[in-house]
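Here are the chains, one letter per residue:
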Amino acid sequence: MTATVDREQVLAYRIARQGLHRGRTPVDDLEVLAIGVQDTPVGSARQSFAVRTEADVDDHTLVRAWTLRASPFLHHPEDLPRMAAALWPHSERDALGKVAWQRSVMQKSGITATEALRATAQAFRKVIKKPTVKGAASTAVSKAVPKALVSYCRGCDAEHVFESLFRLAALPAGLRLDLDSSPPVLVPIKNWPGIPEEQEGTDELITEFLRFVGPAGVGDVAAWLTTTQTEIKQVWPAAGLTEVDVDGRRSWLPESEMDLLLDPPEPPRALLLSTSDPFLQERNKLLLVPDKARHKEMWPVIGQPGAVLIDGDVAGIWRTKATGKKKLEIKVTEFTPIDPGARKALEPEAQRVADLRGIAEAVLTFS
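Residues numbered from 1 in each chain as written. Predicted model: local features only at pLDDT ≥ 70, side-chain atom pairs only at ≥ 80, totals over all residues. Heavy atoms only, no water.

**Considerations on unusual backbone geometry**
The phi torsion of most residues other than glycine is negative, and most of the peptide bonds are trans. Note that the residue after Ser182, namely Pro183, is joined by a cis bond; omega there is 5 degrees. You can see Pro183 is positioned in the loop between strand 8 (175-177) and strand 9 (185-188). Unusually for a residue other than glycine, Arg69 sits at a positive phi of about 55 degrees. Mapped onto the elements of the fold, Arg69 is located in the loop between strand 3 (63-66) and strand 4 (72-75). Judged by its relative accessible area of 21%, Arg69 falls in the partly exposed class. Not every positive phi belongs to a glycine, and Ala70 is a case in point at roughly 60 degrees. Position of Ala70 among the secondary structure elements: in the loop between strand 3 and strand 4. Look at Ala70 and you get buried, because its relative accessible area is 12%. (Helix = DSSP H or I, 4+ residues; strand = E, 2+ residues; numbered from the N terminus. Buried < 20%, exposed > 50% of the residue type's maximum accessible area, 1.4 Å probe, protein only.)

**What about empty space enclosed by the protein?**
Under the definition given, this model contains one cavity of 30 Å³ or more. For the largest cavity, the calculated volume is near 60 Å³. Lining the largest cavity we find Ala86, Leu87, His90, Asp94, Lys98, Gln199, Thr202, Leu225, Thr227, Glu231, Ile232 and Val235. Of all the secondary structure elements, the ones that give two or more residues to the lining of the largest cavity are helix 3 (80-87), helix 4 (92-99) and helix 11 (229-234). Partitioned by chemical class, the residues of the lining of the largest cavity number five nonpolar, four polar and three charged. (1 Å grid on protein atoms, 1.4 Å probe; cavity = no way out; pocket = protein on both sides within 12 Å on 5 of 7 lines; lining within 4 Å. Points joined across faces, edges and corners; volume = space filled by probe spheres on them. Nonpolar A, V, L, I, M, F, W, Y, C, P; charged D, E, K, R; others polar.)

**A word on a negative patch on the surface**
A cluster of acidic residues, Glu197, Glu198, Glu200, Asp203 and Glu204, forms a negative patch on the protein surface. Tracing the sequence through the fold places Asp203 in helix 9 (residues 202-213). Residue classification places Asp203 among the partly exposed positions, given a relative accessible area of 32%. (Patch = residues over 30% accessible without salt bridge, like charges linked within 9 Å, V, L, I, M, F, W, Y side chains within 5 Å. Areas by Shrake-Rupley, 256 points an atom, 1.4 Å probe, with all protein chains shown as cover. Salt bridge = Lys/Arg side-chain N within 4 Å of Asp/Glu carboxyl O. Lys, Arg positive; Asp, Glu negative; His and termini not counted. Charge placed at Lys NZ, Arg CZ, Asp CG, Glu CD.)

**Some points on the layout of surface pockets**
The computed volume of the largest pocket comes to approximately 550 Å³. Residue lining of the largest pocket: 27 residues in total, with Gln38, Thr40, Ser71, Pro72 and Ser276 positioned closest to the centre. The residue makeup of the lining of the largest pocket, split by class, is 10 nonpolar, nine polar and eight charged. In terms of lining, the second largest pocket is formed by 17 residues, of which the most central are Pro41, Ser44, Trp318, Thr320 and Arg357. Elements with a minimum of two residues in the lining of the second largest pocket: helix 2 (44-50), strand 14 (313-323) and helix 15 (340-356).

**What about the sheet that holds strand 12 (residues 270-273)?**
Pairing is mixed across the open sheet formed by five strands, whose spatial order is 12-13-14-15-16. A strand with exactly one partner marks an edge of an open sheet, and here the two such strands are strand 12 and strand 16 (361-366). Averaged over all pairs of adjacent strands, the angle between their axes in this sheet comes to 30 degrees, without regard to strand direction. Pairing between strand 12 and strand 13 (residues 306-310): four bridges, direction antiparallel. When the bridges of strand 13 are listed, Leu272 appears paired with Val308. Where helix 15 meets the sheet, its contacts fall on strand 12, strand 13, strand 14, strand 15 (327-334) and strand 16, and the angle it forms with strand 16 comes to roughly 135 degrees. (Pairing = 2+ DSSP bridges. Axes fitted to C-alpha atoms, helices over the stretch in contact; angles between N-to-C directions. Contact = heavy atoms within 4.5 Å.)

**Here we look at the sheet that holds strand 10 (residues 241-246)**
Taken together, three strands build an open sheet; the order of strands is 1-10-11 and the sheet is mixed. In this open sheet, the two strands that pair with only one neighbour each are strand 1 (3-5) and strand 11 (249-254). Averaged over all adjacent pairs, the angle separating strand axes in this sheet is 40 degrees, with direction ignored. Set on the sheet, helix 1 (residues 7-17) makes contact with strand 1, strand 10 and strand 11; between it and strand 1 the angle comes to about 90 degrees. Helix 9 rests against strand 10 and strand 11 of the sheet, and its axis sits at about 105 degrees to strand 11.

**Side note on the packing of aromatic side chains**
Taken as a whole, this structure holds four aromatic pairs when the rule is applied. Chaining the aromatic ring pairs together yields one cluster made of Trp66, Phe124 and Phe166. For the cation-ring pair, Arg343 lies above Phe366, with the distance from its terminal atom to the ring centre recorded as 4.0 Å. (Phe/Tyr/Trp six-rings, centres within 6.5 Å; stacked < 30°, edge-to-face > 60°. Lys NZ or Arg CZ within 6 Å of the ring centre and 35° of its normal.)

**A look at the nonpolar core**
Of all hydrophobic cores here, the largest spans 43 residues; its most connected members are Phe49, Leu210, Leu225 and Trp236. At the level of elements, helix 2, strand 3, strand 4, helix 3, helix 9 and helix 10 (218-224) are the ones that each hand at least two residues to this core. Once residues lying within four places of it in the same chain are set aside, the contact partners of Leu210 are Tyr13, Ala216, Val221, Trp236, Leu241, Trp252, Leu253 and Pro254. Core analysis: the next-biggest nonpolar cluster, separate from the first, contains 34 residues, Ala119, Phe166, Leu177 and Leu186 among them. (Core = buried A, V, L, I, M, F, W, Y, C linked by side-chain atoms within 4.5 Å.)

Rendered as structure tokens:
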């Protein structure tokens with residue numbers, strides 16, 4: 001029998017499962033790291049940790065790598081080979097989606113997307129033997145890949161390998177990113193098992209996504225992994241999931257999570273989530289923000305804001321404006337009216353953001 005739940009239950013479940021009832025769990029032990037924590041812009045992952053734990057957000061053994069959607073995520077170092085294999089293309093159609101190639105680009109190159117990815121990873125293995133700044137790494141790799149994979153970049157005023165290929169091939173080649181460097185520095189991973197021969201473990205990764213960002217549909221998973229629903233159906237977990245009706249929408253959740261979904265704890269009164277917090281990894285924007293008119297504010301093309309969570313729901317967005325090291329203004333744009341009690345509850349959350357940035361005082365403003 002299919003369980004039926006509403007949006008409020010789903011959000012409360014995710015808040016609980018993702019550890020947003022802040023405790024003192026060390027960062028290394030946060031369960032949500034099973035799917036990684038995105039660090040875009042660099043440093044935003046610290047805020048994602050701070051809303052989940054009172055522990056020191058910089059006391060951990062995590063590493064940064066280009067993984068999901070070729071974006072920088074923080075992971076346990078031992079998880080990187082698993083991520084590389086799970087994210088390797090399942091088919092040529094899957095590779096095209098991940099590389100984001102237009103068919104015209106593929107036809108012009110004369111190389112399939114899968115071949116291009118492997119050739120770029122092989123080039124990385126050949127030329128990057130020590131920590132290397134991204135620009136120098138791109139120059140070296142561009143000389144080692146087939147000419148068809150190099151094009152003129154107006155922004156760089158130079159010819160180099162396609163950016164999507166460069167990022168996607170780095171981890172399979174055994175390269176992570178230095179945790180503190182800007183611009184990015186690529187670092188060879190010791191004892192790397194080699195470039196994946198084929199995709200492996202994607203079904204397990206899907207199960208983890210559904211555990212932390214479920215219940216969700218096949219299309220949501222496909223968007224998260226930048227592929228098609230057809231591809232996802234071919235690697236869908238064979239067992240362990242149960243169907244859930246979310247306000248009339250067919251979704252899935254690991255069977256082991258049903259008790260928590262049906263009876264989640266009451267959400268925290270107020271939270272400030274970073275731009276790329278795991279809670280915002282949901283690809284179904286209407287579930288997070290039902291008012292479609294607010295989507296351009298929530299997800300602009302450039303400069304995505306953080307989310308204000310009040311009683312488990314997205315009540316607005318927030319941005320910051322610093323005045324030296326003395327004051328950090330946190331500007332809240334309300335989607336729904338935030339009552340005085342919730343505003344008061346946001347004050348220590350705002351100060352937490354200021355403390356993370358080494359700024360003495362936080363000031364909240366509302367509009």
